[in-house]
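Commentary on secondary and tertiary structure
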Amino acid sequence: MTKFLSVISQLISEDNILVLGHVMPDGDDISSVASLAEGLRRLGKKVRAAIDDQIPWYYKLFFAVDSIESFEQLQDFHPDLIVVVDCSSPDRVGRFQHLLKNSKTIVIDHHETNSMFGDLNFVDVTSASTAQIVYNMNKAMGVVYDPELATTNYLGIATDTGFFKYSNTDANVLKIAAELVELGAKPYFVASVILENKTPQQFKLLAKMIEHMKIEGELVYSWLSYEDYLSLGCNEDDSSGFVSELRSMKDIEVAILFTEFPKGEVHVSFRSKQWLNVSKIASALGGGGHARAAGCSYKNVELEKVIDEVLSLTREAMVGGRHEVG
Ligand code: 5GP
Ligand code: MN
Ligand code: MN
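Just so you know, these numbers come straight off a predicted model, no measurement behind them.

**Regarding the UniProt feature "domain: DDH" (unreviewed entry) in the protein**
UniProt marks residues 16–157 with the feature "domain: DDH" (unreviewed entry), using the numbering shown here. In residues 16–157, the share of helix is 32% and the share of strand is 19%. The end C-alpha atoms are 27 Å apart.

**Remarks on the nonpolar core**
Considering soluble globular proteins, one finds that nonpolar side chains tend to be buried as a cluster. Within the largest apolar cluster, 53 residues are counted, with the highest numbers of intra-cluster contacts made by Val19 and Leu36. When near neighbours in sequence (up to four residues on either side) are disregarded, Leu36 contacts Leu11, Val19, Val83, Val85, Ile108, Val134, Asn138 and Met141. Core analysis: the next-biggest nonpolar cluster, separate from the first, contains 23 residues, Leu219, Phe270, Val306 and Ile307 among them.

**Quick word on the pattern of salt bridges**
All chains considered together, the criterion is met by 15 salt bridges. Taking the shortest distance from any N to any O, the salt bridge between Asp76 and Arg48 comes out at 3.6 Å. Here Arg48 lies in strand β2 (residues 46–50) and Asp76 lies in the loop between β3 (68–69) and β4 (81–85), a separation of 28 residues in the sequence. Accessibility expressed as a relative area gives 19% for Arg48, which makes it buried. Asp251 is the salt-bridge partner of Lys250, the closest N and O atoms lying 3.2 Å from each other. The residues Lys250 and Asp251 share a single accessibility class, namely exposed. Residues joined by salt bridges that share partners form a network here, namely Glu38, Arg41, Arg42 and Asp146.

**With respect to the side chain of Ser31**
Mapped onto the fold, Ser31 is located in helix α2 (residues 27–42). By relative accessible area, which is 0% here, Ser31 ends up buried. Within the local environment of Ser31, its side chain forms a polar contact with the backbone oxygen of Asn153, the two atoms lying 3.2 Å apart. Ser31 has contacts with Ala131, Thr152, Asn153, Leu155 and Gly156, leaving out every residue within four places of it along the chain.

**Comments concerning the domain arrangement of the protein**
Assigned domains within the protein: domain 1 (3–195) and domain 2 (200–318). Averaged C-alpha coordinates put domain 1 and domain 2 at centres separated by 26 Å. Listed per partner, the contact involves 9 residues of domain 1 and 15 residues of domain 2. Here domain 1 and domain 2 share an interface that buries about 900 Å² over both sides, 45% of which is from carbon and sulfur atoms. Contact with domain 2 buries surface across domain 1, with Met24, Glu112 and Thr113 losing the most and accounting together for 45% of the total. Scanning the region where domain 1 abuts domain 2 turns up 0 salt bridges. Linking domain 1 with domain 2 are 5 residue pairs in polar contact (both at pLDDT 80 or more), by the criterion used here. Split into classes, the residues belonging to the side of domain 1 that touches domain 2 amount to 4 nonpolar, 4 polar and 1 charged.

What counts as what
- Residues numbered from 1 in each chain as written.
- Chains lettered and ligands numbered in written order.
- Predicted model: local features only at pLDDT ≥ 70, side-chain atom pairs only at ≥ 80, totals over all residues.
- Heavy atoms only, no water.
- UniProt positions renumbered as here; feature names shortened; annotations may be inferred.
- Helix = DSSP H or I, 4+ residues; strand = E, 2+ residues; numbered from the N terminus.
- Core = buried A, V, L, I, M, F, W, Y, C linked by side-chain atoms within 4.5 Å.
- Buried < 20%, exposed > 50% of the residue type's maximum accessible area, 1.4 Å probe, protein only.
- Contact = heavy atoms within 4.5 Å.
- Salt bridge = Lys/Arg side-chain N within 4 Å of Asp/Glu carboxyl O.
- Polar contact = N/O pair within 3.5 Å; in protein donor to acceptor, adjacent residues only side chain to side chain.
- Domains from an automatic or database assignment.
- Buried area = accessible area lost by both parts, 1.4 Å probe.
- Nonpolar A, V, L, I, M, F, W, Y, C, P; charged D, E, K, R; others polar.

Now the structure itself:
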């Protein structure tokens, strides 16, 4: 039996299921959690869904996202099966991590850095998003889609491909997106909610990032300190997508954005264009991701020290230029 069918048969045979996503949730994660949980509910199962972090407000405009609960709300639930989606390592589920030891766990993911921490792991690195794996699983289980579920499921495919422009956009992505649109998904709704909801303060934060920007050959980087966020009344969600702006610069291979929020907690976002596998750098620093988009996080650190450490590792990785295609 293929791995895909093993996951399907486990999902079908269990009744009491918890679906978990990752901290600092992105569109793919939220879409995957909500779509899988809703799909399993439509098959008559007792399902709860949770993410141990804040969900940015605009994602709550999507169907089934309001069913995603917090760590505190989940205290009373003892699932027979946990399904972890879009997470490359067990620490990504935040405070839910301890539950993984006590329950049967299925991992559904697409990160090449996945540590295979489940009892059963379906990790398809050729898949641009976890949401499209979830769609294939829901379809195989006979889940009935309406326009609301189709739009929620489409969300993750759109966001993890940068709205169908990243290098992971292939025929399969476009075929699945088209199927979801046929089922009623609304591409314009998704694009306008995600891309056209920026506050004036976010534009000022973007200006701050551009002010701090430094270019070194094919590397561009910038940073936002906790003080920058505070002075503009912003939080970490407000800089979502900024690193892509850096990567959009001509003749750049690698873009790195350092964001400190709250004080002493630094997230590093890496993006590359053609040849540098940034997931290797992020993994070496305790994070992970994909060849063209990766990240890692630090606690109790000084922003300047993180910048120095990450830059020196990146410069080292870039020595010799484009020999490393991956
Ligand atoms: P972003 O830069 O948007 O935060 O993340 C880019 C990619 O790297 C995403 O696929 C995300 O899942 C992964 N990633 C970001 N931060 C971390 C981290 O701290 N740990 C791991 N394992 N992956 C991360
Ligand atoms: Mn994700
Ligand atoms: Mn993803």
